[in-house]
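# A closer look at the structure
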Amino acid sequence: MTNEAHQILTALLAAAGPLLLLTCGCLPETFLNQNGLWAARTGATLSLAAFVVVLAASGSLIFNGAADVELPIAGSLHLGIYFDNMSAVVLVLVSFLLAVVARFSINYLAGDPGQGRFTKWLCLTGGSVLTIVISGNLVQFALAWYAASMGLHQLLLFYPDRPGAVLAARKKFIISRLGDLCLLSVIVLVYQQFHTWDFAALFAGAEQLHENGPGAGHLSINLICFLLVGGAMLKSAQFPFHSWLPDTMETPTPVSALMHA
C-alpha cells in the first residue's frame, strides 16, 4: 500500500467517528422523542464506536505518519482532514469523555419525554467537536466551532421553562459570539499574512517565519495570537468570562459533565 493510500485510510478512520455522531444527530427530532430510550442507547453505542475507530486511527497514525487529505468541492473550496499526533491525543480524549457522558445520560434521562431531543443535540455537539479536531483548514474549523456552540446552546435550553437555564444560555450565547468574532478576525488576518487557510501550509509558513525572525508581519502575528487566546478564553469560560457557568446547574447533569470535561 502506498503512502498516499495509508494517509487516506488514516483520515477515513479519523473522520468515521464524527460522521457516525453527526448522522445520528441529523435524525428527525420527532422520531427520536418517540423512541427516547432507543435513541439514547443508539447515541451511547455510536459514541463508543467513535472512540473505537479513533483508537484505530491513532494506531494507524503510529505506523503511517500524519494524514493530510483534501476533498475538492468547487474551485479552491475543499474539505480537509489534518490528523497528526496532537490531533490523535485530543480526539481520543474527547471521544472517550463523550462516550462516558452518553452512557450516563441513558439512565439519567430515562422516562424524560425529551430524551430523544437530548440525544440528538448531544450527538451533534460531540460530532462537531470531533470535527474541530480533525479539520484541515481554518474555514472548516470555524464552521465546526460554530456548530458545536449551537449544539451546546440547545442542550443548555433543554428545560426552556426554567428561568435560570434560559438566563445561562443567553449569557453563554453572547459570550460565545464574542469568541466567534475573535476567530473570524483570526481567519481574515491569517489569510492576509499567509494567503492560505490550510493547516499544513500554515504550519510550514509559521515555521519558516520563525526561522527568518521577526519581519514586517510580526505585528499581525502578535495580534493573531492575542485573538486566538482571547477566543479560547471566551469559549472555555475562563476568568473573567465564566459568569454563565455556575448558572448551568439548571441544565441536566450530563450537560454539565460535558462542559466541564
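Remember, it's a predicted structure, so these values are computed and weren't measured experimentally.

Counting 58 residues, the largest nonpolar core has L21, F83, L91, F118, I134, L156 and V255 as the members making the most contacts within it. Sorting elements by how many residues they give to this core places helix α6 (residues 138-156) first, with nine residues.

Within the element layout of this structure, T119 appears in helix α5 (residues 115-134). For T119, a relative accessible area of 5% gives the class buried.

Where charged atoms from two side chains of opposite charge come close, those side chains can pair. For the coordinates displayed, the defined rule picks out two salt bridges. Between R177 and D180 there is a salt bridge, with the nearest N and O atoms lying 2.6 Å from each other. Highlighted residues: R177 and D180, both in helix α7 (residues 163-194), separated by three residues, approximately one helical turn. Since its relative accessible area comes to 15%, D180 is described here as buried. A single salt-bridge network, built from bridges that share partners, covers R177, D180 and K235.

Taken together, the buried positions of helix α10 (residues 253-260) are occupied by P254, V255, S256 and M259. Contacts made by the buried residues of α10 are with α4 (85-108), α5 and α6.

Scored by pLDDT, the protein comes out at a mean of 85, with 91% of its residues at no less than 70. Predicted confidence in the protein is weakest over strand β1 (residues 67-74), with a mean pLDDT of 69, and strongest over α5, with 94.

Moving on, we get to a nonpolar patch on the surface. A contiguous nonpolar patch, built from M86, V89 and V90 and spanning about 280 Å² of accessible area, is present on the exposed surface. Topologically, V89 is positioned in helix α4. A residue is classified by how much of its surface remains accessible, and V89, at 56% relative accessible area, is exposed.

Position of P163 relative to the elements: it lies in helix α7. Residue class for P163 comes out exposed when judged on its relative accessible area of 66%. Measuring from C-alpha to C-alpha, the distance between P163 and E250 comes to 8.7 Å, with 87 residues separating the pair along the chain.

Glancing now at unusual backbone geometry. Negative phi is the rule for most residues except glycine; trans is the rule for most peptide bonds. Although it is not a glycine, H195 sits at a positive phi angle of roughly 60°. Under the relative-accessibility criterion, H195 is labelled exposed at 59%.

Here we come to the packing of aromatic side chains. For the coordinates displayed, the defined rule picks out 10 aromatic pairs. Here the aromatic rings of F141 and F199 are separated by 6.1 Å at their centres, their planes lie at 90°, and the arrangement is edge-to-face. Taken together, the positions of F141 in helix α6 and F199 in helix α8 (residues 199-212) put the pair 58 residues apart, joining distant regions of the chain. You'll find F141 and F199 in the same group, each marked buried. Here F158 and Y159 contribute two aromatic rings whose centre-to-centre distance is 4.8 Å and whose plane-to-plane angle is 70°, an arrangement assigned as edge-to-face. The two residues F158 and Y159 agree in class, both being buried. Members of the aromatic cluster, joined through ring pairs, are Y82, F141, W145, F199 and F203. Its guanidinium or amino end placed over the ring of Y159, R162 lies 4.0 Å from that ring's centre, counting from NZ or CZ. In this arrangement the basic side chain of R177 is found over the ring face of F173, its NZ or CZ atom lying 4.5 Å from the centre.

Each value, and the rule that gives it
- Residues numbered from 1 in each chain as written.
- Predicted model: local features only at pLDDT ≥ 70, side-chain atom pairs only at ≥ 80, totals over all residues.
- Heavy atoms only, no water.
- Core = buried A, V, L, I, M, F, W, Y, C linked by side-chain atoms within 4.5 Å.
- Buried < 20%, exposed > 50% of the residue type's maximum accessible area, 1.4 Å probe, protein only.
- Helix = DSSP H or I, 4+ residues; strand = E, 2+ residues; numbered from the N terminus.
- Salt bridge = Lys/Arg side-chain N within 4 Å of Asp/Glu carboxyl O.
- Contact = heavy atoms within 4.5 Å.
- pLDDT = per-residue confidence, 0-100.
- Patch = residues over 30% accessible without salt bridge, like charges linked within 9 Å, V, L, I, M, F, W, Y side chains within 5 Å.
- Areas by Shrake-Rupley, 256 points an atom, 1.4 Å probe, with all protein chains shown as cover.
- Phe/Tyr/Trp six-rings, centres within 6.5 Å; stacked < 30°, edge-to-face > 60°.
- Lys NZ or Arg CZ within 6 Å of the ring centre and 35° of its normal.

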